[in-house]
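As a plain string of letters, each chain reads:
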Amino acid sequence: MPKQIRLNAFDMNCIGHQSPGLWTHPRDRAATYNTLEYWLNLAKTLERGLIDALFLADVLGIYDVYKGGPQTALEHAVQVPVNDPLMVIPAMATVTEHLGFGVTCALSYEHPYPFARRMSTLDHLTKGRIGWNIVTGYLESAARGMGMAGQAAHDDRYAIAEDYMQATYKLWEASWEDDAVLRDKAGRRFADSGKIHRIEHDGPHFKVDAIHLCEPSPQRTPVLYQAGASTRGRQFAADHAECVFINGPSQKVVKDIATDIRARAVKTGRDANDLSIFTLMTVIAAPTREEAQAKYADYLNYISEDAALALMSGWTGVDFAALPPDEPIRFTERNAMTSALESFTTADPNRSWTPREIARHAAIGGRGPVAIGSYADIADIFQDWMENAAVDGFNLAYAVTPETFEDIVDGVIPELQRRGVYKTAYAPGTLREKLTGRPRLPASHPAARVRR
Ligand SMILES: Cc1cc2nc3c(=O)[nH]c(=O)nc-3n(C[C@H](O)[C@H](O)[C@H](O)COP(=O)(O)O)c2cc1C
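Predicted model only: the values in this text are computed from it and were never measured. Along each chain, residue indices are assigned from 1 in the same order as the chain's sequence is written. Local features in a predicted model are, by the rule used here, given only for residues with pLDDT of at least 70; side-chain atom pairs are given and counted only at 80 or more, and totals for whole chains, interfaces and linings are based on all residues. Computation of side-chain values covers all heavy atoms of the structure but excludes hydrogens and water.

*Asks:* Explain the overall build of the protein chain to me, please; I cannot follow it from the model alone.
*Replies:* A tally of regular secondary structure across the protein chain gives 16 helices and 13 strands. Radius of gyration here uses only the C-alpha atoms, and the compact-globule reference equals 2.2 Å multiplied by the residue count raised to the power 0.38. For 452 residues, the compact-globule formula gives about 22 Å, and the C-alpha radius of gyration of the protein chain, at 22 Å, lands near that figure. Projected onto its principal axes, the C-alpha positions of the protein chain cover 70 × 50 × 45 Å. Buried means the residue's accessible area, taken with a 1.4 Å probe over protein chains only, is under 20% of the maximum for its type, while exposed means over 50%, and partly exposed covers the values in between. With 452 residues in all, the protein chain has 57% of them scored as buried. By the convention used here, residues are in contact when the closest approach between their heavy atoms is within 4.5 Å. Across the protein chain, contacts joining residues at least 24 apart in sequence account for 77% of those joining residues at least 6 apart. Using the Shrake-Rupley algorithm and a 1.4 Å probe, accessible areas are obtained, with residue cover drawn only from the displayed protein chains. Element-wise, carbon and sulfur atoms account for 52% of the exposed surface of the protein chain, whose accessible area totals about 17,800 Å². Positive and negative side-chain charges of the protein chain, numbering 48 and 56 respectively, have mean locations separated by a distance of 5 Å. Each helix is a run of DSSP H or I of at least 4 residues and each strand a run of E of at least 2, with the numbering of both proceeding from the N terminus. A residue counts as positive if it is Lys or Arg and as negative if it is Asp or Glu; His and the chain ends are not included. To locate a charge, take NZ of a lysine, CZ of an arginine, CG of an aspartate or CD of a glutamate.

Written out as C-alpha cells, the structure is:
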C-alpha cells in the first residue's frame, strides 16, 4: 500500500491567522471566531474529510515589533483579538467522534501542576483525542503581559521546557497506577489509595510535590506536538515530539530539517517512524486549474502586505519596516523564532529574500508554500512533497475559512482516496492509537522513563 498522507487543519481562535487581510473577503467567516457555530461547523467539515486533527495555534501577546508598536496588528486583526483555544474544544468534541485536537499551550506562563490537570480534563472529555503543541512563546509582549521584564533567552526557554516536560510526565504517568481506580459502588470504595502516589519533582525551574488531581485519562500524556526548528528546537522535537510541524518556503528547507530531526531522534534511541512530520501548506483548489487560478487572483484583492509584515516581524523579531524593502535580508540573532528568520536567510543559500518578497509570500498562508490548482494538481503537489521533502503529511492553513477546508474535504480528499494515498475511514481508538497504533508512549520515550 502506498504511504498514507496525514492531514491536520491549522486554525487559531482569532480572525487573522495566517492570511493577513483575507478576513475581509466576502465569503470568509473568520470574524465569527467568537461563536460556537463557527467551530462546530468547522469540526464537522473536518471530520467529514477524515482529517487527523484540528491544530489550534495560540499566542499570549500582541504583534508589536513591526513599526515599533501594535497599531498594524490591531487594525488588521493580525492574531489579535485572540480567544482561549482550549475553551472551544469540548463543544467540538460533542459533534465529532474521531477528530483530534492539537492545542497550543505555552509552558512559559503556567505552572505544570494546574496545566497537567487541564490537559487531563480535556483528554477525558474528548475520550482521548487531545494533543498538546509544546511552545515556549516568542513574543516579548506576552512576557511583559505576564509581569516579566522579558522572555528568557531562546535556548534557555528550551531548558525550562525540558524541566516542564519532566514535571508533567510525572503527573500524567506516575501518580495514579493503571488499576488505582476501582469505582466499586457496592464496596463503597472509589480508589485504592495505595496505588496513588505523590510525585516529587525538584527541577531547576519547577518544583511539584503533589498527587495528580485527575484520575488517568485515556491517553494519560496527550499526543505531543512540537514546532521548533532551530538547532535546539530540533533536539527538543527529537527528544519529545510525536508530531512535528515544519514550516519552510521550499522542499529543500523542509527536507533538511525533517531529515535532521529524524536522525537526532534515532540518536536518542527512538525509532525514526515514531515521529510524524507535517509541513505547512495552504491550498487553493477548484475543479479546474483555471478556476483555482481565478480564485487565487480574487483572494489577492483582499490581502494586506502591511499586515503580513506585522506577522513576520512578530515571528522573526525583526522590524521589517526599518529595512530597505528591496534589499535581501540577513540573519541576525533575535530572541524570537530563530527558524523563521533562518528559513529566509541561511537555510537555502540559493535563495535570498527582500522584505517586499516576504510580504507577498506571507500574505497567504504565512511562511508555508501555497498550492494552487485543480484537485488533481493538488494531489500531485502533495505526493511530490511527500516524496521529495521527507514528510508524513501537511498542516493545512486556510486562505479563506471555511472555504479552503471545504475545497480540500470535498475536492482534494476524494482525489487522494482514488489514488489510494488517503484513508477511507478513521482508525479506531484515541488520537495516539489512530496515529501510531499504540495507546501509550513507547519505552524509548522520556515519558515512559518516569513510570513506576
Ligand atoms: C507550523 C507552526 C506552528 C506554530 N504555532 C505556534 C503557536 O501557535 N504558538 C507559538 O507560541 N509558537 C508557535 N510556533 C513556534 C514554535 O513553537 C517555535 O517556538 C518556533 O518555531 C521557534 O522555535 P525555534 O527557534 O526552535 O525554531 C509554531 C511554529 C510552526 C512551525
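*Asks:* It is not clear to me how the packing of aromatic side chains should be interpreted in this structure. Could you clarify?
*Replies:* Where two aromatic rings form a pair, the distance of their centres and the angle of their planes describe that pair. In this analysis, rings of Phe, Tyr and Trp, with Trp reduced to its six-membered ring, are considered paired at centre separations within 6.5 Å, and the interplanar angle assigns stacked below 30 degrees, edge-to-face beyond 60, and tilted for intermediate values. All told, the structure shown has 17 aromatic pairs when counted by the stated rule. Residues Tyr63 and Tyr138 carry aromatic rings whose centres are separated by 6.3 Å and whose planes lie at 65° to one another, so their mutual orientation is edge-to-face. Residue Tyr63 is located in the loop between strand S2 (53-57) and helix H2 (71-75), and its partner Tyr138 is located in the loop between strand S4 (130-135) and helix H5 (140-145); the two are separated by 75 residues in the primary sequence. The pair Tyr63 / Tyr138 is uniform in exposure class, with both members buried.

*Asks:* Mind showing me how you'd approach the nonpolar core here?
*Replies:* It is characteristic of soluble globular proteins that their nonpolar side chains tend to be buried jointly. For the purposes of this section, nonpolar cores are sets of buried Ala, Val, Leu, Ile, Met, Phe, Trp, Tyr and Cys residues that join through side-chain atoms within 4.5 Å. By size, the foremost hydrophobic cluster in this structure holds 89 residues, and its most contacted members are Leu7, Leu54, Trp132 and Phe382. Sorting elements by how many residues they give to this core places helix H6 (residues 154-174) first, with 10 residues. Sequence-distant contacts of Leu7, defined by excluding residues within four places in its chain, comprise Ile51, Asp52, Ala53, Phe278, Phe382, Phe394, Leu396, Ile413, Leu416 and Tyr422. If you look at the next biggest cluster of nonpolar residues, it comprises 52 residues, including Ala57, Tyr63, Phe278 and Ile358.

*Asks:* Honestly, the state of the cysteines in this entry has me stumped. Any pointers?
*Replies:* Think of a disulfide as a covalent bridge from one cysteine sulfur atom to another cysteine sulfur atom. Throughout, a disulfide means two cysteine sulfur atoms within 2.5 Å of one another. Tallied over the entire structure, the rule returns 0 disulfides. No disulfide involves Cys105; its sulfur sits 14 Å from the nearest other cysteine sulfur, which is in Cys214. Take Cys243: it sits in no disulfide, and the sulfur closest to it among the cysteines is that of Cys105, at 15 Å. Residue Cys243 is classed as buried on the basis of its relative accessible area, which comes to 2%.

*Asks:* Honestly, the site of the ligand in this entry has me stumped. Any pointers?
*Replies:* Around the ligand there are 21 residues in total, and Asp58, His154, Tyr158, Ser230 and Ser339 lie nearest to it. What qualifies as a polar contact is a pair of N or O atoms within 3.5 Å, subject to a donor-acceptor requirement within protein and to the restriction that residues adjacent in sequence count only when both atoms come from side chains. A distance of 3.1 Å is found between an oxygen atom of the ligand and a backbone nitrogen or oxygen belonging to Ala227. Taking Ala229, its main chain carries an N or O atom lying 2.9 Å from an oxygen atom of the ligand. Across the complex, the protein chains shield 95% of the 610 Å² of accessible surface that the ligand would expose by itself. In this classification, the charged set is Asp, Glu, Lys and Arg, the nonpolar set is Ala, Val, Leu, Ile, Met, Phe, Trp, Tyr, Cys and Pro, and all remaining amino acids, among them Gly, are polar. Partitioning the shell around the ligand into residue classes produces 9 nonpolar, 11 polar and 1 charged. We call a residue near a molecule or strand when any one of its heavy atoms sits within 4 Å of it.

*Asks:* Before we go on, may I ask you to explain empty space enclosed by the protein in this structure?
*Replies:* Over the atoms, a rolled probe matching the size of one water molecule traces out where space is still vacant. Think of a 1 Å grid over the protein atoms and nothing else: a 1.4 Å probe that fits but is trapped marks a cavity, an open set flanked by protein within 12 Å on at least five of seven lines marks a pocket, and residues with an atom within 4 Å of a point count as lining. Grid points are joined across faces, edges and corners, and a volume is the space filled by probe spheres set on the points. Counted according to the given criterion, the structure contains 3 cavities of 30 Å³ or more. In this structure, the largest cavity is lined by Ser120, Leu171, Trp172, Ser175, Trp176, His212, Cys214, Glu215, Pro216, Ser217 and Arg220. Of the residues that constitute the lining of the largest cavity, the class distribution is 5 nonpolar, 4 polar and 2 charged. Quantified by volume, the second largest cavity comes out at close to 40 Å³. Around the second largest cavity, the lining residues are Thr316, Phe331, Thr332, Glu333, Arg334, Ala336, Met337, Thr338 and Leu341.

*Asks:* Please clarify how the layout of surface pockets should be interpreted in this entry.
*Replies:* Of the pockets and cavities examined, the second largest pocket occupies roughly 270 Å³. Around the second largest pocket, the lining comprises 14 residues; the ones closest to its centre are Asn273, Leu275, Ser276, Asp392 and Leu435. Residues that form the lining of the second largest pocket fall into these classes: 3 nonpolar, 4 polar and 7 charged.

*Asks:* Explain the packing of helix H7 (residues 231-240) against helix H8 (residues 251-267) here, please?
*Replies:* A pair of packed helices is captured by two measures, namely the crossing angle of their axes and the spacing between those axes. As a packed pair, H7 and H8 sit with axes 8 Å apart at the nearest point and diverge in direction by 50°. With respect to their mutual orientation, H7 and H8 come out oblique. Considering only the axes of H7 and H8, their crossing is right-handed. For the pair H7 and H8, contact is made by Thr231, Arg234, Gln235, Ala237 and Ala238 and by Asp256, Ile257, Asp260, Ile261, Arg264 and Ala265, respectively. Classifying every residue of the contact of H7 with H8 by side-chain character gives 5 nonpolar, 2 polar and 4 charged. For helices, the fitted line uses only the C-alpha atoms of the stretch in contact; every axis is such a line through C-alpha atoms, and the angle between N-to-C directions lies from 0 to 180 degrees. Any angle between 65 and 115 degrees counts as roughly perpendicular, while under 35 counts as roughly parallel, over 145 as roughly antiparallel, and the rest as oblique. Here a crossing is called left-handed whenever its near helix is offset anticlockwise from the far helix by less than a right angle, and right-handed whenever the offset is clockwise.

In short, the description is geometric, and any link to function would need to be established separately.
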